[in-house]
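Remarks on the overall topology
What follows is each chain in one-letter form.
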Amino acid sequence: MGLTIYEKIWDMHKIASDNDRDLLYIDRHYIHEVTSPVAFERLRIYGRRVRRPDLTIAIMDHNVPTGDRTAPITDPLSLEQMETLRKNAHQYGIMLLDYYSPYQGIVHVVGPELGLTLPGMTIACGDSHTMTHGALGALAFGIGTSEVEHVLATQTLWIKKPMAMEVRLMGRPGKGVMSKDVALALIGAIGSGGAIGHVVEFRGDYVESINVEERMTLTNMATEAGARSAIISPDEKTIEYIRGRPFAPASEEFDELAKFWRSLATDPGAYFHKKFEMDVSKIEPQVTWGTTPAMVASVNDIVPDPSSYEDRVMRVSVERALRYMGLKPGMKITEIKIDRVFIGSCTNARLYDLIQAARVIKGKKVKSGVRAMVVPGSQLVKRQAERLGLHRIFIEAGFEWRNSGCSLCIGMNEDRLSPGERCASTSNRNFENRQGPGGRTHLVSPLMAAAAAIEGKFVDVREFEILPLEEIVDLDLLEKLGYGWMLR
Amino acid sequence: MITVIEGKVAPLPIENIDTDQIIPAQFLKITKREGLGKYLFYRWRYDEQGRPKDGFILDDPKYSGASILVTGRNFGIGSSREHAVWALIDYGIKAIIAPSFGDIFYENAARNGLVCVKVREEIAKEIIEEALKREVYARIDLENKTLSYLGKNIGFEIEESVRKRLMLGLDDVGLTLELYEGAIKRYEEKMKSYIKIRKGIFTPL
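Residues numbered from 1 in each chain as written. Chains lettered and ligands numbered in written order. Predicted model: local features only at pLDDT ≥ 70, side-chain atom pairs only at ≥ 80, totals over all residues.

1. Re the overall build of chain B
- Across its full length, chain B carries eight helices and seven strands.
- Along the first, second and third principal axes, the C-alpha set of chain B runs to 65 × 45 × 25 Å.
- A buried classification covers 42% of the 205 residues belonging to chain B.
- A sequence separation of at least 24 residues applies to 70% of the contacts in chain B between residues at least 6 apart. (Helix = DSSP H or I, 4+ residues; strand = E, 2+ residues; numbered from the N terminus. Buried ≥ 20, exposed ≤ 12 C-beta atoms within 10 Å, placed from the backbone. Contact = placed C-beta atoms within 7 Å.)

This is the structure in structure tokens:
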């Protein structure tokens, strides 16, 4: 019987078994300033070393300010966590992408874009969205701080083997529909716990047809269906995406490795414990109306009525969500007015996402009274976008053009919603208070966020003019900067 | 080391309680893991100015001293923050009963001695309904894998690795280093050329 890519990587990295758990070797360990300090503290208490500092990468992202990098950091707690990471990285000899590094950014954007994440790797990071890296064919796990400590000390992870789940996405998406819409529609269909205990493999002609950055949005959002991890078998697009990146293997080794990567793809006839299939051609642009990503509707739908749910717990959850969100049953999604727009996060802040938003923004103005910001996924994304002139499109429209970090997705820095403020956000979580106490989050794609910024309310982006790529960027320059894959 | 947990039950009749609700991100800015109990379910218990809000179930005197939570599906989904487990423990919660848990939360709990008991949805609903009406005490026996409540006694499934860790209070890191150092070394030796390729590319920018 054939094997899934996930089983192949698992078997390659399995060192030992004990009861229901296997001990896996971890090829890449990403750490950040929020979930690592206690792990280092305990290493010190027990007098343990970091086994493989050479396989560990430290990045500051969760609570870094996204304003002027020459300004002093005013939040003493953020500063303390950043300095603690700096100290730990220095003491244990770990490469650090510091706040001031030109390559700083959100760990799940930086790893793939620098070629630090490669197919076939096992990856761990103390962050639930680590499965984002699975879009390149790596097996990536979000872990807690005790596990961070375990990986630091042993370069291994004890883990119960999850089940395999196939999510087959078929068909061609309609105009204005991004992989974010597909992900939201999927979560709406299978629920917040629909993939708990499973490694989701995204397959099907839709997945093959989209580029690696769009794929990262899919694997990223699998987190919100409860997946243990998510993965996509590497193909020629994956290989082209990795080639030439700063930490990618040198050209003489590259072709050899690429052969190995291709061999990892899931075999025909591989067994999945669970299967789900979806036709993406029927999916419309999505907007969440509630306080979990599964509480989602098409842009032309209405806010649901709690009394339409038979299950009592569901009914109570929906009532509670609508109260928090300040929405009335039956109102049209397109009647919901917004105060803020956030284009950012590990879900949707790569160059492709920014270009998509710019296709709607160019030549238009942000609605008066709306505060809109772009927080690029990394300083490299920001720099490339600036070389392509994207920043001018956003700034002229009235967007803030900020520096990189997790920012308004988690509200650990100064970027927060005020109580009652309503935000169209390209991030991944609309949980109560997530973007700031009392803040109201609606998850959307970059295209939908851009359209909402202009109208000051949700609007079907398909009614907008979405400018062709060549009117946004110089295609030759795009190719020269290494983004030729966007044109093919 | 835990064999039996007995205590008063507090019901949280909500599903999909994510770790952002268990402890908001602003309290993750500490570099220690002690003393987080006061921030547990902070936004449900305090308003934006930090004033206590009425009506949160754990603040109801009826449930004071409760050490077992019973709740809806998918408890602890979302962010990987282990602070959620630390906050629950610091508050005095020893066990959580639910139909399902977020994967990372479940693992974090096992590593910190917080017992997560998975039960069928009807059982969780029954305990919630009863605990909303009157005082309910429960007993979780890890040795025999049984849950007792309201005079009933049912078995529950728990991974052997989780049960052993909870019962023996094992330090995973110490054990791995002691028992598997040889295996890790052999693996690194065997995979040297493969790991080396990846190490070799690791030149500073």
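2. Digging into the overall build of chain A
- A tally of regular secondary structure across chain A gives 16 helices and 19 strands.
- For 488 residues, the compact-globule estimate of 2.2 N^0.38 gives 23 Å, and the C-alpha radius of gyration of chain A, at 21 Å, lies within 12% of that figure.
- In terms of overall dimensions, chain A has C-alpha extents of about 55 × 55 × 50 Å along its principal axes.
- Taking all 488 residues of chain A together, the buried fraction comes to 61%.
- Of the contacts made within chain A by residues no fewer than 6 positions apart, 77% connect residues no fewer than 24 positions apart. (Rg over C-alpha atoms; globule rule 2.2 N^0.38 Å.)

3. Brief notes about the sheet that holds strand β2 (residues 21-25) of chain A
All names here are of chain A.
- Spatially, β1-β2-β8 is the arrangement adopted by the three strands of the open sheet, whose pairing is antiparallel. The open sheet is flanked by β1 (14-18) and β8 (156-160), the only strands paired with a single partner. Between one strand axis and the next, the sheet turns by 25 degrees as a mean value, whatever way the strands run. (Pairing = 2+ DSSP bridges. Axes fitted to C-alpha atoms, helices over the stretch in contact; angles between N-to-C directions.)

4. A closer look at the confidence of the model for chain B
Residue and element names in this part refer to chain B.
- Per-residue confidence for chain B gives a mean pLDDT of 91; residues scoring 70 or more make up 94%.
- The low-confidence segment residues 199-205 (pLDDT under 50) makes nine contacts with residues lying over four places distant or belonging to another chain.
- This complex was scored by the predictor with a pTM of 0.96 and an ipTM of 0.93. (pLDDT = per-residue confidence, 0-100.)

5. A short note on the interface of chain A and chain B
- At the interface, 66 residues of chain A touch 52 residues of chain B.
- Only β1, β2, α2 (37-46), α3 (76-92), α5 (145-154), β8 and α11 (312-325) of chain A provide two or more residues apiece to the side of chain A that touches chain B.
- No other element matches the seven residues that α5 of chain A contributes to the side of chain A that touches chain B.
- Here the residues of the side of chain A that touches chain B sort into 25 nonpolar, 25 polar and 16 charged. (Nonpolar A, V, L, I, M, F, W, Y, C, P; charged D, E, K, R; others polar.)

6. Some remarks on unusual backbone geometry
- Of note, asparagine 19 of chain A is a non-glycine position whose phi angle comes to about 55 degrees, a positive value.
- Of note, asparagine 19 of chain A is situated in the loop between β1 and β2.
- For asparagine 19 of chain A, a count of 14 C-beta atoms within 10 Å translates into the label partly exposed.
- Even without being a glycine, asparagine 74 of chain B presents a positive backbone phi close to 60 degrees.
- Within the element layout of this structure, asparagine 74 of chain B appears in the loop between β2 (68-71) and α3 (83-91).

7. Quick word on the environment of leucine 24 of chain A
- Within the secondary structure, leucine 24 of chain A sits in strand β2.
- Contact partners of leucine 24 of chain A, with chain neighbours within four places excluded, come to Trp10, His13, Lys14, Ile15, Thr122, Thr156, Leu157 and Ile159 of chain A.

8. Focus on α2 of chain A
Residues and elements named next belong to chain A.
- Considered for burial, the residues of α2 that qualify are Pro37, Val38, Ala39, Phe40 and Leu43.
- Where the residues of α2 are buried, they touch α3 and α5.
- Glycine 47 lies just past α2 and shows a positive phi near 65 degrees.

9. Describing helix α4 (residues 103-112) of chain B
Residue and element names in this part refer to chain B.
- Along α4, nine of the ten residues are buried, which leaves the element largely enclosed by surrounding structure.
- Looking at α4, one finds that the buried residues are Asp103, Ile104, Phe105, Tyr106, Glu107, Asn108, Ala109, Ala110 and Arg111.
- Glycine 113 lies just past α4 and shows a positive phi near 80 degrees.

10. Thoughts on the sheet that holds strand β5 (residues 95-97) of chain A
Residue and element names in this part refer to chain A.
- In spatial order, the strands read β5-β4-β3-β6-β7; together these five strands make up an open sheet with parallel pairing. Since the sheet does not close on itself, it has two edges, and those belong to β5 and β7 (139-142), each with one partner. Going from strand to strand, the sheet's axes swing by 20 degrees on average, the running direction of each strand aside.
- Examined bridge by bridge, strand β6 (residues 122-125) and β7 share four bridges and lie parallel to one another. Paired with alanine 124 across the bridge in β7 is phenylalanine 141.

11. Regarding the pairing of strand β4 (residues 56-59) of chain A
Residue and element names in this part refer to chain A.
- Here β4 shows no split at all, with Thr56 and Ala58 on one side and Ile57 and Ile59 on the other all buried.
- Relative to β4, strand β3 (residues 28-32) is paired through four bridges, and the arrangement is parallel. When the bridges of β4 are listed, isoleucine 31 appears paired with alanine 58.
- Once the chain exits β3 it traverses α2 before rejoining the sheet at β4, and the crossover so formed is right-handed.
- As judged from the three bridges shared by β4 and β5, these two strands associate in the parallel manner. When the bridges of β5 are listed, isoleucine 57 appears paired with methionine 95.
- In terms of handedness, the path from β4 via α3 over to β5 forms a crossover that is right-handed. (Right-handed = clockwise from strand over helix to strand, strands pointing away.)

12. Focus: the packing of α2 of chain A against α5 of chain A
Residues and elements named next belong to chain A.
- Between α2 and α5, the shortest axis-to-axis distance is 8 Å and the interhelical angle comes to 50 degrees. Comparing the axis directions of α2 and α5 gives the class oblique. As for how α2 packs across α5, the hand of that crossing is right-handed. Where α2 approaches α5, its residues Val38, Ala39, Arg42 and Leu43 are matched on the opposing element by Thr145, Val148, Glu149, Leu152 and Ala153. (Parallel < 35°, antiparallel > 145°, perpendicular 65-115°, else oblique. Left-handed = near helix turned anticlockwise from the far one by under 90°.)

13. What to know about the pairing of strand β6 (residues 146-149) of chain B
Residue and element names in this part refer to chain B.
- Side chains Leu147 and Tyr149 project from β6 onto a buried face, and the interleaved Thr146 and Ser148 project onto a face without burial.
- Across four bridges, the pairing between strand β5 (residues 137-141) and β6 is antiparallel. Bridge pairing in β6 places isoleucine 140 opposite leucine 147.
- Between β5 and β6, which pair antiparallel one after the other, the connecting turn spans four residues, and lysine 145 there sits at a positive phi close to 55 degrees.

14. Focus on the packing of helix α6 (residues 179-190) of chain A against helix α8 (residues 212-221) of chain A
Residues and elements named next belong to chain A.
- Here α6 crosses α8 at 20 degrees, and the two axes come no closer than 8 Å. When the axis of α6 is compared with that of α8, the two are roughly parallel. With respect to the hand of their crossing, α6 and α8 are arranged in right-handed fashion. Residues Ser179, Lys180, Val182, Ala183 and Ile187 of α6 form the contact with α8, whose participating residues are Glu214, Thr217, Leu218 and Met221.

15. Overview of the environment of leucine 478 of chain A
- Residue position: leucine 478 of chain A is located in helix α16 (residues 475-483).
- The sequence separation of leucine 478 of chain A and leucine 388 of chain A amounts to 90 residues, and the corresponding C-alpha distance is 7.3 Å.

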